[in-house]
Structure formats: C-alpha cells, structure tokens
Amino acid sequence: AQSVTQPDIHITVSEGASLELRCNYSYGATPYLFWYVQSPGQGLQLLLKYFSGDTLVQGIKGFEAEFKRSQSSFNLRKPSVHWSDAAEYFCAVGETGANNLFFGTGTRLTIIP
Amino acid sequence: DAGITQSPRYKITETGRQVTLMCHQTWSHSYMFWYRQDLGHGLRLIYYSAAADITDKGEVPDGYVVSRSKTENFPLTLESATRSQTSVYFCASRPGTSGSANEQFFGPGTRLTVL
C-alpha cells in the first residue's frame, strides 16, 4: 500500500532564508508526485507535480522539487522564502491505475521576520 | 462563477442529525472526491466518483453517504452525525484522462462542527 511521510510537522524559517520540506513515499513503481499548498482558511492549490522525465521540476511561486528514486523522496525547495509563503504544505502520491491520491500529514510553515 | 464550490462553508449541528454538504464544479470533470482533514492525519479520502451514478469508497467511508446524479454535483451526507465527524471537508475534482496523474482541483472546504 502506498504511504506518504512528511517527517516535519512544523518548520519555522526566517524571511529570505532557504527552505526545504521533506517528503518520502512508499511505492514500488514510479509514482506521480505532487506538492500542494494550503493557505489559512483556503482549499489546496497545486504547486508542482512530477510524472516522468527531468527529476527537477519547477512550480509556481518560485518553488521547485527534486525526485530522487534511490531515496524515495520528493523534497520541496525554495531559495528565499517570503512572508506570504506561510501555509500548510502537503505532499501527495498517485499511481498508475489508481483513481485517487494519497496525502501526507502536512508540514506547517511559519515565517519569522 | 467557474470552478469548484462548496456549501455551506461553516456548519454547526448536533449529534444524531442528518447533514448534507454540497459540492459543485463547472468544469465537467468526470472524477470528484470527498476528503476530510484532521490534525495529524492530513487529508483522508471518504468517497470518490468516476462519473455520474458511479461512486466508490475511500479510506474512511463509515457514517457517510454520497450520490452523483449529475456530473457537476457530488453531495456528501452524514446520516447521523457524530462528534468524531467534526472536521474540515474538502471536495475535489479532476478530468478523467491520465488517471491519478492528473491534478485534483480543490474547493474551499466546509468546516463542520458536531456538538
């Protein structure tokens, strides 16, 4: 069965600092990988996704993520965070033949001045 | 307005009452989903639908009923609400092609409190 692990429940970063949010998955073949962001009181918005090809994918708002098959990871990065990046971030995994996604438990990002 | 909408946005009800949460999408997406979001659990799938009149259980279906008579609507009913069903409920939709490789589009959520 698929599983998605986001080991960091809460991360605090200074504005302007770099960010890396971790995501590990458990799945045999090449999964479909997603990062979503949820601002307070809002629904989820897609940041980026990986299906195949180049393992470094670019997303919206200056985010990128790298798929590392050997580590079963899909970590989200941003070189310089802005106060508006404060939100909850969810990693999700899909698979061939499946209809739905499996979500991690989320990482809450706090930005300090 | 185009997109995916949920109503009501906030609902307070009492244990044992029936509650229906509405979801409407204007994209004609074939797939629709209901999730609940709870602290420490992330999003868990309750039910999904591949097309009108086709529904299937997700991870946590007990206590919930869904129907899909029209492509654009996917209501979720709590037949007899319990306190454990206090949660934030999200509806999502996606096109039918490419399976789960397709992005899901989420509604704004309904915050349900069961007293």
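Since the structure is predicted, the reported quantities are computational estimates derived from the model, not experimental observations.

(A) Structural view of the interface of chain A and chain B. With 21 residues of chain A at the contact, the number on the chain B side is 22 residues. For the chain A and chain B pair, buried surface summed over both sides reaches about 1,600 Å², with 53% attributable to carbon and sulfur atoms. Sorting the residues of chain A by area buried against chain B places L44, N99 and F103 of chain A first, and these three jointly supply 33% of that buried surface. At the surface where chain A touches chain B, the tally comes to zero salt bridges. Secondary structure elements with two or more residues in the side of chain A that touches chain B: β5 (32-38), β6 (44-50) and β10 (87-94) of chain A. Looking at the side of chain A that touches chain B, the element that brings in the most residues is β5 of chain A, giving four residues. Taken together, the residues that form the side of chain A that touches chain B break down as 10 nonpolar, nine polar and two charged.

(B) Fine view of the pairing of strand β12 (residues 107-112) of chain A. All names here are of chain A. Where burial is concerned, the two faces of β12 differ: the one with T107, L109 and I111 is buried and the one with R108, T110 and I112 is not. Of the strand pairs in this sheet, strand β2 (residues 10-14) and β12 are connected by five bridges, and their pairing is parallel. When the sheet's bridge partners are listed, V13 is paired in β12 with I111. Relative to β12, β10 runs antiparallel, the two sharing three bridges. Bridging across to β12, Y89 finds its partner in T107.

The rules behind each value
Residues numbered from 1 in each chain as written. Chains lettered and ligands numbered in written order. Predicted model: local features only at pLDDT ≥ 70, side-chain atom pairs only at ≥ 80, totals over all residues. Heavy atoms only, no water. Contact = heavy atoms within 4.5 Å. Buried area = accessible area lost by both parts, 1.4 Å probe. Salt bridge = Lys/Arg side-chain N within 4 Å of Asp/Glu carboxyl O. Helix = DSSP H or I, 4+ residues; strand = E, 2+ residues; numbered from the N terminus. Nonpolar A, V, L, I, M, F, W, Y, C, P; charged D, E, K, R; others polar. Buried < 20%, exposed > 50% of the residue type's maximum accessible area, 1.4 Å probe, protein only. Pairing = 2+ DSSP bridges.

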